[in-house]
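As a plain string of letters, each chain reads:
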Amino acid sequence: MNLSTGPLVTPADAYEIYRACEERDKPDVPPLALEHFVARLANPFPGADHEHYLAWIDGHPVGYLWIELPVLDNLDNANIELSVLPSSRRRGAGRALLDLAAERIRELGRKHLIGPAMSRHPDGALFAAAMQAKPALEEVRSRLDLCAVDRAGHDALLADAWRHAEGYRLILWTGVAPDEIIDDVAYLDGRLNADAPTGELAWEPEKVDAAKVREGELRAARRGRTSYHAGALHGDRLVAWTRIAGDATDPAHAWQNITLVDPDHRGHRLGMLVKLANLAHVRELRPGLEVIDTFNAASNEHMLRINRALGFRPLDSVTFWQLTL
């Protein structure tokens, strides 16, 4: 057996590995099409550098490593995604790629490698533990089946939210936020790692400004992803915000992403209010939508309770492992 590693040259080689692993780990979520996978490589999220590597066995690509290196914050950290073809596991490709990542991170003076492993199959967790990584944060994936939504129940939840939200008003948009609120979006986005549980991860709040928010949305659009937003305004200031995003690859599926409420405006059901408003928003603009998935920290009982009230039901989970070098 001839095992080697090196930089990614042809995106199509990485795509076949990505697709096979996605179909095994999340068979109920269609993987990106090749064109959108290539667009994702060309248009990563801003605020980080990105590197890509392949592992070959006997000249055939069997493993793919993606490294994300934050450049605005978390300068001791690197996020990785490491995928090996299910048919080629336990042959050293994963270990070779992880060794490559560790060597690269040491060269850059960083300390922590952070990467996910789905719980559906034990391979990822067993590999991470064998590599001396430690489980740092568990997130639950839940799904809302829009064909089975309790419309009357949602109407009641919305009416209750409005009873607690006197003095607030809604705003809806797609893509880049309007100029008058984009600084507020950046402020709320930057609170994510301060407000949401991060477990044992060595992760600090991220630095977010309007330019990063704008560029992130523009790059997402170039990747074939459309985002739908709802917010609550108090006066002219955005004080609550939520986002749902869907890929052109699969109009029947979308992801519920961030939901945040400014600490000074909690206790007014604003999280529930904007979530319900955005559900109606996305269903109007994406009529073929059938299911929405979301990830939440297993310890985030407050958000899990809101999602259960909306009809989300747990499917599986992912654990983020951390290797300290």
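Check the entry above for the structure.
Residues numbered from 1 in each chain as written. Predicted model: local features only at pLDDT ≥ 70, side-chain atom pairs only at ≥ 80, totals over all residues. Heavy atoms only, no water.

1. Some details on the packing of aromatic side chains
Reasoning step 1: Counting across every chain of the model gives 5 aromatic pairs.
Reasoning step 2: On the numbers, 5.8 Å between centres and 10 degrees between planes, the contact of Trp-255 with Phe-295 is stacked. Separated by 40 residues along the polypeptide, Trp-255 in strand 10 (residues 253-261) and Phe-295 in strand 11 (residues 291-297) bring together distant segments of the chain.
Reasoning step 3: Taking the relative accessible area as the measure of exposure, Phe-295 reaches 28% and is therefore partly exposed.
Reasoning step 4: In this structure an aromatic cluster arises from ring pairing among Tyr-15, Tyr-18, Phe-37 and Tyr-64.
Reasoning step 5: The ring of Tyr-18 has Arg-40 sitting right over it, with the charged end atom 5.3 Å from the ring centre.
Reasoning step 6: A cation sits over an aromatic face here: Arg-223 above Phe-45, 4.3 Å from the ring centre. (Phe/Tyr/Trp six-rings, centres within 6.5 Å; stacked < 30°, edge-to-face > 60°. Helix = DSSP H or I, 4+ residues; strand = E, 2+ residues; numbered from the N terminus. Buried < 20%, exposed > 50% of the residue type's maximum accessible area, 1.4 Å probe, protein only. Lys NZ or Arg CZ within 6 Å of the ring centre and 35° of its normal.)

2. Describing the nonpolar core
Across soluble globular proteins, you tend to see nonpolar side chains buried next to one another.
Reasoning step 1: Tyr-64, Leu-65, Ile-67 and Leu-113 are the most contacted members of the largest nonpolar core, which totals 36 residues.
Reasoning step 2: If you list the elements that add at least two residues to this core, you get helix 1 (11-25), strand 2 (48-57), strand 3 (60-70), strand 4 (77-84), helix 3 (93-107), strand 5 (112-118) and strand 12 (313-324).
Reasoning step 3: No other element matches helix 3, which puts 7 residues into this core.
Reasoning step 4: Those residues in contact with Leu-65 that sit more than four places away from it in its chain are Glu-51, His-52, Tyr-53, Ile-80, Glu-81, Leu-82, Leu-97, Leu-100 and Ala-101. (Core = buried A, V, L, I, M, F, W, Y, C linked by side-chain atoms within 4.5 Å. Contact = heavy atoms within 4.5 Å.)

3. Re the side chain of Asp-247
Reasoning step 1: One can find Asp-247 in strand 9 (residues 237-247).
Reasoning step 2: Residues in contact with Asp-247, not counting those within four places in the same chain, are Leu-32, Gly-224, Arg-225 and Arg-286.

4. Structural notes on the sheet that holds strand 3
Reasoning step 1: Taken together, 12 strands build an open sheet; the order of strands is 1-2-3-4-5-12-6-11-10-9-8-7 and the sheet is mixed. The sheet is open, and its two borders are formed by strand 1 (3-7) and strand 7 (169-174), each paired with just one other strand. With direction set aside, neighbouring strand axes in the sheet form an average angle of 25 degrees.
Reasoning step 2: With 3 bridges joining them, strand 4 and strand 5 adopt parallel strand pairing. If you follow Ala-78 over to strand 5, its bridge partner there is Leu-113.
Reasoning step 3: Against the sheet, helix 4 (residues 123-130) touches strand 4, strand 5 and strand 12, its axis set at about 20 degrees to strand 12. (Pairing = 2+ DSSP bridges. Axes fitted to C-alpha atoms, helices over the stretch in contact; angles between N-to-C directions.)

5. Quick word on the environment of Lys-212
Reasoning step 1: Within the fold, Lys-212 resides in helix 8 (residues 210-222).
Reasoning step 2: Once residues within four sequence positions are removed from consideration, Lys-212 is found in contact with Pro-46, Gly-47, Leu-72, Glu-206 and Lys-207.

6. Section: the pattern of salt bridges
Reasoning step 1: Within this structure, the stated rule accounts for 28 salt bridges.
Reasoning step 2: The partner of Asp-316 in a salt bridge is Arg-120, and the shortest N-O contact between them spans 3.1 Å. With a gap of 196 residues between them, Asp-316 in strand 12 and Arg-120 in the loop between strand 5 and helix 4 connect regions that are remote in the sequence.
Reasoning step 3: Residues Glu-217 and Arg-243 are paired through a salt bridge, measuring 3.8 Å at the closest nitrogen-oxygen approach. Pair noted here: Glu-217 is in helix 8 and Arg-243 is in strand 9, with a separation of 26 residues, a long-range link.
Reasoning step 4: Through salt bridges with shared partners, a single ionic network connects Asp-28, Arg-120, Arg-141, Arg-143, Asp-293 and Asp-316. (Salt bridge = Lys/Arg side-chain N within 4 Å of Asp/Glu carboxyl O.)

7. So, the packing of helix 1 against helix 2 (residues 34-42)
Reasoning step 1: Two elements in contact, helix 1 and helix 2, have axes separated by 10 Å at closest approach and are oriented at 115 degrees. By the angle class used here, helix 1 and helix 2 are roughly perpendicular. Crossing geometry of helix 1 relative to helix 2 is assigned as right-handed. Each of Pro-11, Ala-12, Ala-14, Tyr-15 and Tyr-18 in helix 1 lies in contact with helix 2, whose residues at this interface are Leu-34, Phe-37, Val-38, Arg-40 and Leu-41.
Reasoning step 2: For the contact of helix 1 with helix 2, a count of residues per class yields 9 nonpolar, no polar and 1 charged. (Parallel < 35°, antiparallel > 145°, perpendicular 65-115°, else oblique. Left-handed = near helix turned anticlockwise from the far one by under 90°. Nonpolar A, V, L, I, M, F, W, Y, C, P; charged D, E, K, R; others polar.)

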